[in-house]
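In case you want the letters, here they are:
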Amino acid sequence: MKSKTDGFVALDFVSGPGAGRKIMNFARKQNIFTQGAVCDSIFYVQSGKVKITVLSNRGKEAVIAILGDGDFFGEGAVAGQPKRLSSASAFTDCVLTRISRSALLTILHQEHAFSDYFVKYLVTRNARFEEDLVDQLFNSSEKRLARILLLLARYGKAGKPEPLVPHISQETLAEMVGTTRSRVSFFMNRFRKMGFIEYNHGHMNIHNSLLNIVLHG
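Worth saying up front: this structure is predicted, and the values here are computed from it rather than measured.

Remarks on the packing of aromatic side chains
Any two aromatic rings considered together are summarised by their centre-to-centre distance and by the angle between their planes.
Move 1: Summed over the entire model, instances satisfying the criterion amount to twelve aromatic pairs.
Move 2: Measuring from centroid to centroid gives 6.5 Å for Phe72 and Phe114, while their planes differ by 75°, and the two rings are edge-to-face. One end of the pair, Phe72, is in strand β8 (residues 72–73); the other, Phe114, is in helix α3 (residues 112–138), and 42 residues separate them in sequence. The same class applies to Phe72 and to Phe114, which are both buried.
Move 3: Judged by centre distance (5.2 Å) and plane angle (65°), the rings of Phe72 and Tyr121 are edge-to-face. Of this pair, Phe72 sits in strand β8 while Tyr121 is found in helix α3, placing the two residues 49 residues apart along the sequence. Like Tyr121, Phe72 is buried.
Move 4: Grouping aromatic residues by their ring pairs yields a cluster made of Tyr44, Phe72, Phe114, Tyr117, Phe118 and Tyr121.
Move 5: Here Arg84 stacks its cationic end above the ring of Phe33, 4.1 Å away from the centre of that ring.

Examining the layout of surface pockets
Move 1: In this structure, the second largest pocket encloses a volume near 590 Å³.
Move 2: Forming the boundary of the second largest pocket are 27 residues, of which Ile52, Ile64, Ala65, Arg125 and Phe129 lie nearest the centre.
Move 3: For the lining of the second largest pocket, the secondary-structure elements that each account for two or more residues are β6 (50–55), β7 (61–67), α3, α4 (141–152) and α5 (170–177).
Move 4: Ranked by residues supplied to the lining of the second largest pocket, first place goes to α3 with seven residues.

Thresholds applied
Residues numbered from 1 in each chain as written. Predicted model: local features only at pLDDT ≥ 70, side-chain atom pairs only at ≥ 80, totals over all residues. Heavy atoms only, no water. Phe/Tyr/Trp six-rings, centres within 6.5 Å; stacked < 30°, edge-to-face > 60°. Helix = DSSP H or I, 4+ residues; strand = E, 2+ residues; numbered from the N terminus. Buried < 20%, exposed > 50% of the residue type's maximum accessible area, 1.4 Å probe, protein only. Lys NZ or Arg CZ within 6 Å of the ring centre and 35° of its normal. 1 Å grid on protein atoms, 1.4 Å probe; cavity = no way out; pocket = protein on both sides within 12 Å on 5 of 7 lines; lining within 4 Å. Points joined across faces, edges and corners; volume = space filled by probe spheres on them.

These figures come from the coordinates and say nothing about function on their own.
The following block contains the structure:
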């Protein structure tokens, strides 16, 4: 998605290095930042997937999001949040742009095209959080799992969906769904037998027919 105003292409700002910006490569499972660290920058995913987790006071970790190409994270820095409220690590090999808080605030004030793009992203992300809450409160674990798999494949987002997504452990899926690993295993086997998902050399092929579970299951 590109937005252009007065010769400024919104995504040019996050696609290359510059003042307050740095292109960074992370290997799979490499830590990006940890919960409680200083919150002084925001990240943009150029390629790959990033796992966002939170750690409770009792030491229990929960996966709250798997982000992909075109996503921002760490946006609490924009509001002056002093410490990170979550941890981020590379779910796959990643190429990210790290943007300092000061550089982001400057460009938001100077370039309306990028400001419009960023605000739209945040509003859409907030709507996703509300949908996640409703999903957790009212839908069955089977529907929640189906929705998470479709989100991982980026169905419903601009551009083409990803037919193949990196294999994600059933433990991680159980954390995201809010159920047990055995229930996830049961539903994943059911989805596979119904032809909604396939396993292919360490990846999952997620068919849009899985929407039937979300809509009618």
